[in-house]
Amino acid sequence: MLRPAIGGIFFGNIRPMVGYLRYLTLENKLNNVDFETLSYVLYHCGFNIPKKVLSSLNELVIVEFNDKSKFALKDLLDYLHAGLYNELKTFDFIMKYLRNSKVFVDVGANIGGYAIRAAKYCKVYAIEPLPRNYKILKINEKLNNVKVNSFSMAAGNKNSKIKLYYTPKRYGMPSIKWKQIEFIEVEMKPLDEIINEEKIDLIKIDVEGAEDLVLEGAKNCLKRTNVVIIEKSESFPKAYRILKVKKDF
């Protein structure tokens, strides 16, 4: 049970919205006080607690949600992404839709918030370019005893090596378009070369401004896809035009 007292705020039996923390050992500690991160995470997880508390976990911990899904965490923001608290309407729609589906493609899968849960109902393809997130995704696959066809690369409009930008302690927003504090080189492939399915029920694309590039490399996939969900960013107008032409919406 999590019981640190930091900055005068005591945490006892925390059960926000759909989940609760269960530690692997009683010795696990929370460190690196980060007021901004804590306030942001708690707000989206159903709490409105102002300012000051923790930012990162010094050891891997396990989160078990009320839907019985288990997720490994290395950072406080992982809890937000595992529980999908900042996109609950999308989460609800996707999970209801996939209960009667056969194939789901998750582009920008992060640590598997959607992919792990979806794999209980259908065949899942998960594309995640940031190695740190991909490693945790594979741990979560084993924790939940599910099969995810996962790819440690970026989906885009060509075959190449590209720079993937990211900010340490903000691992939910790696981007090939938005420059951040650090970057690594990763492989990029068109979705048409990654996915070979006769029919795709749903594609979810959340790649921090590069949604248009993903769609440009998914011409054949789009012809065989029922539903596409994309994040609304500055690339949305171009992404929408691609969808309108290729899917004839």
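Residues numbered from 1 in each chain as written. Predicted model: local features only at pLDDT ≥ 70, side-chain atom pairs only at ≥ 80, totals over all residues. Heavy atoms only, no water.

Peer 1: How should I be thinking about the nonpolar core in this particular structure?
Peer 2: Burial of nonpolar side chains together is a common tendency in soluble globular proteins. Membership of the largest hydrophobic core comes to 35 residues, with the highest contact counts inside it found for Phe65, Leu73, Ile94, Leu98, Phe104, Val124 and Val148. Listed by contribution, the elements that provide at least two residues to this core are β5 (54-65), β6 (70-75), α2 (76-83), α3 (88-98), α4 (115-118), β8 (123-127) and α5 (131-143). Sequence-distant contacts of Val124, that is, excluding residues within four places in its chain, are made with Phe104, Ala115, Ala118, Ala119, Val148 and Asn149. Counting 34 residues, the second largest nonpolar core, distinct from the first, contains Val105, Ile127, Ala155 and Ile205. (Core = buried A, V, L, I, M, F, W, Y, C linked by side-chain atoms within 4.5 Å. Buried < 20%, exposed > 50% of the residue type's maximum accessible area, 1.4 Å probe, protein only. Helix = DSSP H or I, 4+ residues; strand = E, 2+ residues; numbered from the N terminus. Contact = heavy atoms within 4.5 Å.)

Peer 1: Help me out: how do you make sense of the sheet that holds strand β10 (residues 154-156) in this one?
Peer 2: Strands in a sheet are paired, the pairing made by backbone hydrogen bonds, and the direction either parallel or antiparallel. As summarised here, the arrangement of the four strands in space is β10-β13-β11-β12, forming an open sheet in which the pairing is mixed. Edge strands, defined here as strands with exactly one partner in the open sheet, are β10 and β12 (170-175). Each neighbouring strand pair of the sheet contributes to a mean axis angle of 45°, computed without reference to strand direction. The pairing of β10 with strand β13 (residues 182-190) spans three bridges and is parallel. Pairing of Gly156 across the sheet is with Pro190, part of β13. (Pairing = 2+ DSSP bridges. Axes fitted to C-alpha atoms, helices over the stretch in contact; angles between N-to-C directions.)

Peer 1: Explanation requested: unusual backbone geometry in the structure shown.
Peer 2: The general pattern is negative phi for most residues beyond glycine and trans for most peptide bonds. Positioned with a positive phi, Lys68 is a non-glycine residue whose angle comes to about 75°. In this fold, Lys68 is placed in the loop between β5 and β6. Since its relative accessible area comes to 60%, Lys68 is described here as exposed. Backbone geometry at Asn110 places phi at a positive 55°, although glycine is not the residue there.

Peer 1: Help me understand the environment of Val61 in this model?
Peer 2: With respect to the helices, strands and loops of the structure, Val61 is situated in strand β5. Counting along the chain gives 14 residues from Val61 to Asp75, while the straight-line C-alpha distance between them is 9.3 Å.

Peer 1: How should I be thinking about the sheet that holds strand β7 (residues 103-107) in this particular structure?
Peer 2: An order of β9-β8-β7-β14-β15 is seen for the five strands of this open sheet, with the pairing classed as parallel. Looking along the sheet, the strands with just one partner apiece sit at the ends: β9 (149-151) and β15 (225-230). Strand-to-strand twist in this sheet, taken as the mean axis angle between neighbours without regard to direction, amounts to 10°. Here strand β14 (residues 200-205) pairs with β15 via five bridges, running parallel. The residue of β15 that forms the bridge with Ile200 is Thr225.

Taken by themselves, the reported measurements are silent on function.
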